[in-house]
Amino acid sequence: MTGISILFSSGSHVVDNVAIALASVAIICFTTRLFTECRYWLQSRGSAGRFVGREPLTLPYSVPWLGNMFRMLDPHAMYNYALTMSADRRPVKLRVGPVGIYIMFGSKNMKTIFRNSKVLTKEASSMLVFKNSDMKEEDLELLRKDRSGFASTPLIDMPEEKRLWRNTHEVGAAMLGNGTAINVLTSKFVDTFAHALNQAKVNENTAVPIYDFFKRVMFTGSATALLGTEIFKLNPDLPKLYWDYDDAFLLTAIGFPKFLYWNGYRARDRFLAATKKWIKAAAPKYENINPNTEWEESYGSKFTRMMVKALEDGGMSQDGCASAMLSVIWAINSNAIPCAVWILIEALKHPGVLQRLREEVIPITITDKSGNLNIDMPRMLAECPLLASMYLECMRTRGSVTVFRKFTEDLECDGYALKKGMNMMGPSWLPNHDTIWNVPGHPAKEFWPERFIEMPKIKSENHDEKSQYEMAMKPENFFPYGGGNMICTGRFFAKQEIMAAVTVFLLKLDIEPQRWVTHKGKKSDRAARPDEGFAGSGILPPDRDMLVKLKRRPSI
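To start, this report covers the structure provided alongside it. Quick caveat: nothing in here was measured; it's all calculated off a predicted structure.

Within the protein chain one finds 21 helices and 15 strands. Its C-alpha atoms give the protein chain a radius of gyration of 26 Å, within 12% of the compact-globule value 24 Å for 556 residues. Expressed as lengths along the three principal axes of its C-alpha atoms, the size of the protein chain is roughly 90 × 60 × 60 Å. Taken across its 556 residues, the protein chain has 51% of its residues classed as buried. Pairs at least 24 residues apart make up 69% of the contacts formed inside the protein chain by residues separated by at least 6 positions. Of the roughly 25,800 Å² of accessible surface on the protein chain, a fraction of 56% belongs to carbon and sulfur atoms.

This is the structure in structure tokens:
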């Protein structure tokens, strides 16, 4: 009998085997941890392997093969752990199963990443999302075969219509990055959001949770502007289907095991079924739509129509188009809606700010003879400093973006060799809360509505140096939409949509705060905080709600 068997001899064969198995696992995990800790300590001495062609040091872990996988379930805690292990904010390496990921810290290293975007690609992360959006293998293969890149000159010989990555990127750049196109789409959103608010049930004597109310109404307005009205006729419960999917997005997108998260995958499948139904119903009507039409009922916006057409021209099936559109719909709504409601919540928390916002936006709006609310978009961007400041402060304090890329070539960074085929993650959460944002009386972790008004006024004592604000706003320090040549193409539309949503809400409704509640309606003894369960996915929604009384305002 072995020594371990003697230690766990209880007289019961089953109990002994279980005890031996558990002891063996514990020994393996302890030994693995001891080995990886010693390896990290030994390799971190002296120059820590820098400038000799070595990769960043691998963080210790306890479970063989799985590595640091469990730390990925809490990204913010993982980032803080990696930062404490890293000397002088140097890159470190994370093992997640068979995948190696470099964790990047500090403005110097992120600057290197953004300046060398040509040797990085986000196709791997997009493929992961598409695969876990239940895209079929034949459609995934079309994307795998497209290795032509994003530039106008393809890297390989390929028919132009088959360049799915470039063509869909160009649709986004043309329709969400062009000033005229953005104003057209935002104006349509103002119409549909205002209509949705007019249709919403409002009882001034009944308190409602503002986030729950706002997200349903804004999704209706946003989805109508982007996707049309037919999708709602086919799926009357579309807002609920979407928000159930939104709750499940992060874990389904990374491929969390289905047997552990069957409810999340069921939510995804329900929203995917609704999207497929819409795509198939719209397809026969495409040929009868004037190409210059900015909006119609079947596809909604010209952006959506062009995006679906680019996918279909590339050979993708209708089901494949639906899977691809899931992430598009999610990306547009999952960040803009929480950001807009955070601005309202913070305005209610800070005395006098709500009224100041309303006074700021009244001059840039007008109601026409038909009762339609119109916003002067250029004036909204130029003449509403408090609204703009709160938008940016929300992106800073509520934004948790992870820049995820894969290396297509080797790259030297901070003395380490970042290898081709490896992945990197750059978190925005850490620099967003760095001490560089500290202002006397207003620490970095605090939401200060006037931060982006007052900080620019603080000048450097040395006129030859950049000010604190200029340093904080460098693209390697503040990157709410990513960076480099793969920065989010929808960032300009997102900003206008968020600011317009707040404007419309303030002009349509008076808001009287009551008390804080949980999302299940129970009384809460604290205010809402960013829900870090959504870390890494963009704007973190509030983990509490605020009961408010709403009252309709007269037209301007």
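Next comes the rest of the account.
This next bit is on a nonpolar patch on the surface. Where nonpolar side chains cluster on the molecular surface, the patch consists of V14, V18 and L22 and spans about 300 Å² of accessible area. Along the chain, L22 turns up in helix α2 (residues 13-43). What makes L22 exposed here is its relative accessible area of 58%.

Another aspect to go through is the environment of A194. Structurally, the position occupied by A194 is in helix α8 (residues 179-199). Counting along the chain gives 23 residues from A194 to V217, while the straight-line C-alpha distance between them is 9.3 Å. Each residue touching A194, except ones within four places of it in the same chain, is listed here: F189, V504 and K508.

Counting through the fold element by element, R268 comes out in helix α12 (residues 262-282). On the basis of relative accessible area, R268 is assigned to the buried category, the value being 3%. Beyond its immediate stretch of four places on either side in the chain, R268 contacts N132, S133, D134, Y245, K258 and L326.

Moving on: empty space enclosed by the protein. All told, the structure shown has two cavities of 30 Å³ or more when counted by the stated rule. By volume, the largest cavity amounts to about 110 Å³. What lines the largest cavity is a set of 14 residues, and nearest its centre among them are D246, W330, S334, F534 and S537. Secondary-structure elements contributing two or more residues to the lining of the largest cavity are α11 (238-253), α14 (318-349) and β14 (537-539). Residue composition of the lining of the largest cavity, grouped by class: nine nonpolar, four polar and one charged. Taken as a whole, the second largest cavity holds about 40 Å³ of empty space. Lining the second largest cavity are A223, L226, L227, F303, T304, M325, V328, I329, I332 and N333. Contributions of two or more residues to the lining of the second largest cavity are made by α9 (210-227), α13 (302-313) and α14. Examining the composition of the lining of the second largest cavity, we find that five residues originate from one element, α14, more than from any other.

Rules of the game
Residues numbered from 1 in each chain as written. Predicted model: local features only at pLDDT ≥ 70, side-chain atom pairs only at ≥ 80, totals over all residues. Heavy atoms only, no water. Helix = DSSP H or I, 4+ residues; strand = E, 2+ residues; numbered from the N terminus. Rg over C-alpha atoms; globule rule 2.2 N^0.38 Å. Buried < 20%, exposed > 50% of the residue type's maximum accessible area, 1.4 Å probe, protein only. Contact = heavy atoms within 4.5 Å. Areas by Shrake-Rupley, 256 points an atom, 1.4 Å probe, with all protein chains shown as cover. Patch = residues over 30% accessible without salt bridge, like charges linked within 9 Å, V, L, I, M, F, W, Y side chains within 5 Å. Salt bridge = Lys/Arg side-chain N within 4 Å of Asp/Glu carboxyl O. 1 Å grid on protein atoms, 1.4 Å probe; cavity = no way out; pocket = protein on both sides within 12 Å on 5 of 7 lines; lining within 4 Å. Points joined across faces, edges and corners; volume = space filled by probe spheres on them. Nonpolar A, V, L, I, M, F, W, Y, C, P; charged D, E, K, R; others polar.

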